[in-house]
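Okay, here's what each chain looks like letter by letter:
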Amino acid sequence: MAVPADRFAALTHDLGILYGGDYNPEQWTPDVWREDARLMREAGVNLVTVGVFSWARYEPAPGVRDFAWLDEVLDVLHAQGVAVDLATPTASPPAWLGHRHPDTLPVDADGVRLVAGSRNHFSPASSVYRDSALAVTRDLVARYAGHAAVRMWHVGNEFGQVCFGDESAARFRVWLQERYGSIGALNEAWGTTVWSQHYGAFEEILPPRRTVYHVNPTQALDFRRYSSDLLLELYREQRDLIRAVDPVRPVTTNFMGFFPLVDYWSWAPELDVVADDQYPDPTDPWAPADSGLVQDLMRSLGDGRPWMLMEQATAAVSWRAHNPPKSPERARRESLQAVARGADGVCFFQWRASRAGAERFHSAMLPHAGADTRVHAGVRRLGADLHRLRSVVGGRVEARVVMLFDWASWWAAEEQARPTVRLGVLDQLRAWYRPLWQAGVAVDLAAPGADLDGYDVVLVPQSYLVTKTAARRVEDAVDRGASVVVGPFSGVADENAHVRQGRFPALLRDVLGVSGEEWVPLPHAGVELRLAAPLQALLDAACPDGSPGRATTFGELLRSDGAEVLATFVGGHLDGGPALTRRVPPGGGQAWYLGCVPDEQLLGRVLGEVLDGAGVGGVLPAVADLPGVEAVRRGTATFVLNHTDLPVSVPVPGARTDLLTGARCGDLVEVPAGGVVVLDDRVGTAGR
Ligand code: GAL
């Protein structure tokens, strides 16, 4: 069979939007498999992920293989037209492995060896674990690569394991040797002159286990880098094993949004399709916007290509302290939001609710109460919806705004002993994203240092580590006319997390025309800002009662080196100093610097001004004034999602047909409370 250029696109071209969930047949008997497969077909399910936690079933004793039951499961699913995303079972080793080889079990930072009895109980550094994982994977793949039901491969599950044990320490040393070449270079990079931390040889180095006091921040940063690389090695070796036997079907694994332990920018190129697990908290009022950000990250990780929502909940999860279910309408809306933002697959954890085990109270597509339930009716409805959206498959979201984010910078910015723990990288990212989400402005994410050509607005909410390449990209963007906005605590450090010398934000100083000398956490109540006339006019429009803008959380002692000062601090340590500046170089774009965390309203206004100045607007201008209503354009389709519990009317010029209902819409599109409308330019436009 010819190898398609885009393996995932070939699959969705064939099956349409992928719809289904994790299926754990080892928890059920063959008669239930038959019932499940029938119900799947009736619900429009076309893909299930099988075998994620089946290792103990495949290999009940060391070296023994039992696959016969899986033969039957795959045949039963195939007979009902349900394709399989077959998992390598390596996330959860059988109990015998840890029993016979305790060194396969992970050790935490306190030196405690964790035991079997839950899941993910493996050390990614353990050679025995890795050999065992590869052996079972090899046999599984050899047996099923040719099975007609298998259309996709799923390596492990939610890679994110960390081990501080001896085998991990040994591999860490090798990783460090490769990175630094000599112990002298390592000492330099880690700044070991501080606190007498000098190392005489690599053998002396340990992972950042529990220490008496703060650990060396570069050691901690490198251990995170190493742990992410190590897991990627595990993913790759299983992926390569599959690839050698099956060059055609897509291989992936499931990400976890802004997961703190793995650098997904380095992982994404190794996946045929980016897949993600998303469990937004239904009690969080900002969940829809924050999900939008995660989804935009997933699309961006895949360079704009369609991605896959691999897991979500139909109703309640069972791992938070308090787990209220979401409604079927919400589950539908969240699924369609993912499609709007580029997903060509919508799956859940899991198909049938477990009656035993730690996830017995986790919702599923088929609840304990059976098919005659509100949840399952919602599942069937969604299956039909996704079928109707087949025409969006492959469609792209085009963004003129890009937001920079990367893991190493996040890690380094949040190591122990910093100006304030109240300034969080993700908090900043979310705060900057929310007004854009509300305005229906499409945003991509990129790693600092990536090519920014094609973007008119570059947002840098907080980039703590700035490399020369990353700084040059920002300068180039301003030079070619883009607007750049940089937020506080940026440009602080180099790749080794050493504070760059001279005034901050170091490499970004010239382009921004502003520089600073002191980072200043602010009191809880924040600090008043005095806004210069152009900004005041903006804020007055937003806030007729004249309440001043405020800086919260964090400010900086800055001076303008040529930039226009748009806001200054009033009172306190920073009295009279610039809080917000803008440099407009001749012939270039604009370079804004926010030397504080502004209140929500001011931040929204500033970003709004930047977008207006760059001529960047939302998909549907009207949604900006409809809080909780989201508009996204994907390919030729416009999605309008109403996250509120009241119906809304949204002006959309040119009547079209709603792909979901088939109804003709007028220029004023009615979106029911909690509902979604999808308008495709190619379908039912007036006058065509
Ligand atoms: C995911 C995991 C699934 C299931 C789910 C429950 O993290 O991959 O196996 O546990 O959470 O929400």
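Residues numbered from 1 in each chain as written. Predicted model: local features only at pLDDT ≥ 70, side-chain atom pairs only at ≥ 80, totals over all residues. Heavy atoms only, no water.

J.: Pulling in residues and values, what's your account of the overall build of the chain?
T.: What the chain contains, in helices and strands, is 19 helices and 25 strands. What you see for the chain is a C-alpha radius of gyration of 26 Å, in line with the 26 Å of a compact globule of 688 residues. Out of the 688 residues belonging to the chain, those deemed buried represent 58%. Across the chain, the fraction of contacts at a sequence separation of at least 24, relative to all contacts at a separation of at least 6, is 73%. (Helix = DSSP H or I, 4+ residues; strand = E, 2+ residues; numbered from the N terminus. Rg over C-alpha atoms; globule rule 2.2 N^0.38 Å. Buried < 20%, exposed > 50% of the residue type's maximum accessible area, 1.4 Å probe, protein only. Contact = heavy atoms within 4.5 Å.)

J.: Account for the pattern of salt bridges, naming residues and giving values.
T.: Taken as a whole and assessed by the stated rule, the structure comprises 42 salt bridges. Arg224 is the salt-bridge partner of Glu415, the closest N and O atoms lying 4.0 Å from each other. You can see Glu415 sitting in the loop between α14 (407-413) and α15 (425-438) and its partner Arg224 sitting in helix α9 (residues 217-245), a full 191 residues away along the chain. Classification of Glu415 by relative accessible area gives buried; the value is 11%. Overlapping salt bridges, with partners in common, bring together Asp296, Arg299, Arg341, Asp444 and Glu630 in one network. (Salt bridge = Lys/Arg side-chain N within 4 Å of Asp/Glu carboxyl O.)

J.: Outline the sheet that holds strand β3 (residues 83-87), listing residues and values.
T.: What links the strands of a sheet is backbone hydrogen bonding, and the strands pair in either a parallel or an antiparallel sense. What the nine strands build is an open sheet, ordered β5-β4-β3-β2-β1-β9-β8-β7-β6; its pairing is parallel. Each of the sheet's edge strands pairs with one partner strand only, and the pair in question is β5 (251-252) and β6 (254-255). Pairing geometry for strand β1 (residues 18-23) and strand β9 (residues 343-348), over four bridges, is parallel. The partner of Leu18 across the bridge, within β9, is Gly345. (Pairing = 2+ DSSP bridges.)

J.: Pulling in residues and values, what's your account of unusual backbone geometry?
T.: Glycine aside, the phi torsion of most residues is negative, and most peptide linkages are trans. Phe349 connects to Gln350 through a cis peptide bond whose omega is -5 degrees. Note the cis peptide between Phe504 and Pro505, where omega equals 0 degrees. For Pro505, the position within the fold is in the loop between β13 (483-486) and α17 (509-512). Of note, the phi angle at Ala497 is positive, near 65 degrees, even though the residue is not glycine. Among the secondary structure elements, Ala497 is positioned in the loop between β13 and α17. With a relative accessible area of 16%, Ala497 lands in the buried category. At Thr553, a position not held by glycine, the phi torsion is positive, near 65 degrees. The topology assignment puts Thr553 in strand β16 (residues 550-560).

J.: Provide a residue-level description of the site of the ligand, including the pertinent values.
T.: The environment of the ligand is formed by Phe53, Arg119, Asn157, Glu158, Asp277, Tyr279, Glu311, Trp319, Phe349, Glu359 and His362. Note that an oxygen atom of the ligand is positioned 2.9 Å from one of the side-chain N or O atoms of Arg119. When isolated, the ligand has an accessible area of 310 Å², and the protein chains bury 94% of it. Looking at side-chain class alone, the shell around the ligand contains four nonpolar, two polar and five charged residues. (Near = heavy atom within 4 Å. Polar contact = N/O pair within 3.5 Å; in protein donor to acceptor, adjacent residues only side chain to side chain. Areas by Shrake-Rupley, 256 points an atom, 1.4 Å probe, with all protein chains shown as cover. Nonpolar A, V, L, I, M, F, W, Y, C, P; charged D, E, K, R; others polar.)

J.: Go over the sheet that holds strand β21 (residues 629-634), please, and point to the residues and values.
T.: Taken in spatial order, the three strands of this open sheet run β21-β22-β25, and their pairing is antiparallel. Two strands bound the open sheet, and with one partner strand each, they are β21 and β25 (676-680). In this sheet, adjacent strand axes meet at a mean angle of 15 degrees when their direction is disregarded. When β21 meets strand β22 (residues 637-642), the two strands line up antiparallel, connected through six bridges. From the neighbouring strand, Arg634 faces β22, where its bridge partner is Ala637. Docked against the sheet, helix α12 (residues 328-340) engages β21, β22 and β25, running at close to 150 degrees with respect to β22. (Axes fitted to C-alpha atoms, helices over the stretch in contact; angles between N-to-C directions.)

J.: Before we move on, could you go through helix α6 (residues 127-144) and cite the residues and values that matter?
T.: For α6, which comprises 18 residues, the first-to-last C-alpha distance of 26 Å matches the rise-based estimate of 26 Å (1.5 Å per residue) to within 8%. You can read the cap of α6 off the contacts: a side-chain oxygen lies 3.4 Å from the backbone nitrogen of Val128, and it is on Ser126. (Expected span 1.5 Å × (residues − 1).)

J.: Please provide a residue-by-residue account of the packing of aromatic side chains, values included.
T.: Each pair of aromatic rings is reported with the distance of its centres and the angle of its planes. If you walk through the whole model with that rule in mind, you get 29 aromatic pairs. For the ring pair Phe489 and Trp519, a centre distance of 5.6 Å and an interplane angle of 85 degrees mean the geometry is edge-to-face. Linking Phe489 in the loop between β13 and α17 with Trp519 in strand β14 (residues 514-521), this pair joins segments that are 30 residues apart in sequence. Each member of the aromatic cluster is reached from another via a ring pair, and the members are Phe159, Tyr235, Phe255, Phe258, Tyr264, Trp267, Phe405, Trp407 and Trp410. When the ring centre of Trp69 is taken as reference, the NZ or CZ atom of Arg57 above it lies at 4.7 Å. (Phe/Tyr/Trp six-rings, centres within 6.5 Å; stacked < 30°, edge-to-face > 60°. Lys NZ or Arg CZ within 6 Å of the ring centre and 35° of its normal.)

J.: I'd like a description of the nonpolar core, backed by residues and values.
T.: Across soluble globular proteins, you tend to see nonpolar side chains buried next to one another. Counting residues in each nonpolar core, the largest one holds 144 residues, and the members touching the most others are Leu70, Leu77, Leu86, Phe258, Leu389 and Phe405. Ranked by residues supplied to this core, first place goes to α15 with seven residues. Setting aside anything within four residues of it in sequence, one finds Leu389 in contact with Ile17, Leu336, Val339, Phe639, Leu659, Leu660 and Val678. Counting 24 residues, the second largest nonpolar core, distinct from the first, contains Leu404, Val484, Val511 and Tyr593. (Core = buried A, V, L, I, M, F, W, Y, C linked by side-chain atoms within 4.5 Å.)

J.: Before we move on, could you go through the domain arrangement of the chain and cite the residues and values that matter?
T.: By the assigned domains, the chain splits into domain 1 (7-165 + 213-392), domain 2 (167-204), domain 3 (401-614) and domain 4 (622-680). For domain 1 and domain 4, the distance between their C-alpha centroids amounts to 32 Å. On the side of domain 4, 15 residues touch domain 1, which itself brings 18 residues to the contact. Across the interface of domain 1 and domain 4, roughly 1500 Å² is buried in total on both sides, 59% from carbon and sulfur atoms. (Domains from an automatic or database assignment. Buried area = accessible area lost by both parts, 1.4 Å probe.)

J.: Which residues make up helix α7 (residues 166-180), and what values go with them?
T.: When the terminal C-alpha atoms of α7 are compared, their 21 Å separation across 15 residues agrees well with the 21 Å that a helix rising 1.5 Å per residue should span. Buried within α7 we find Ser168, Ala169, Phe172, Arg173, Trp175, Leu176 and Tyr180. One side of α7 carries all its buried residues, which in axial view fall inside an arc of 165 degrees. Where α7 is buried, its residues meet α8 (183-190) and α9. (Arc of directions from axis to C-beta.)

J.: Tell me about a nonpolar patch on the surface, and name the residues and values.
T.: A cluster of nonpolar side chains, namely Val194, Trp195, Val212 and Tyr213, defines an oily patch on the protein surface of about 530 Å² accessible area. By secondary structure assignment, the location of Val194 is in the loop between α8 and α9. (Patch = residues over 30% accessible without salt bridge, like charges linked within 9 Å, V, L, I, M, F, W, Y side chains within 5 Å.)

J.: How would you summarise the environment of Arg352 if you had to cite specific residues and measurements?
T.: Mapped onto the fold, Arg352 is located in the loop between β9 and α13 (374-388). You can call Arg352 buried: its relative accessible area is 14%. Taking the C-alpha atoms as reference points, Arg352 and Pro367, separated by 15 residues in sequence, lie 6.3 Å from one another. Sequence-distant contacts of Arg352, defined by excluding residues within four places in its chain, comprise Trp28, Val32, Glu35, Asp36, Ala364 and Leu366.

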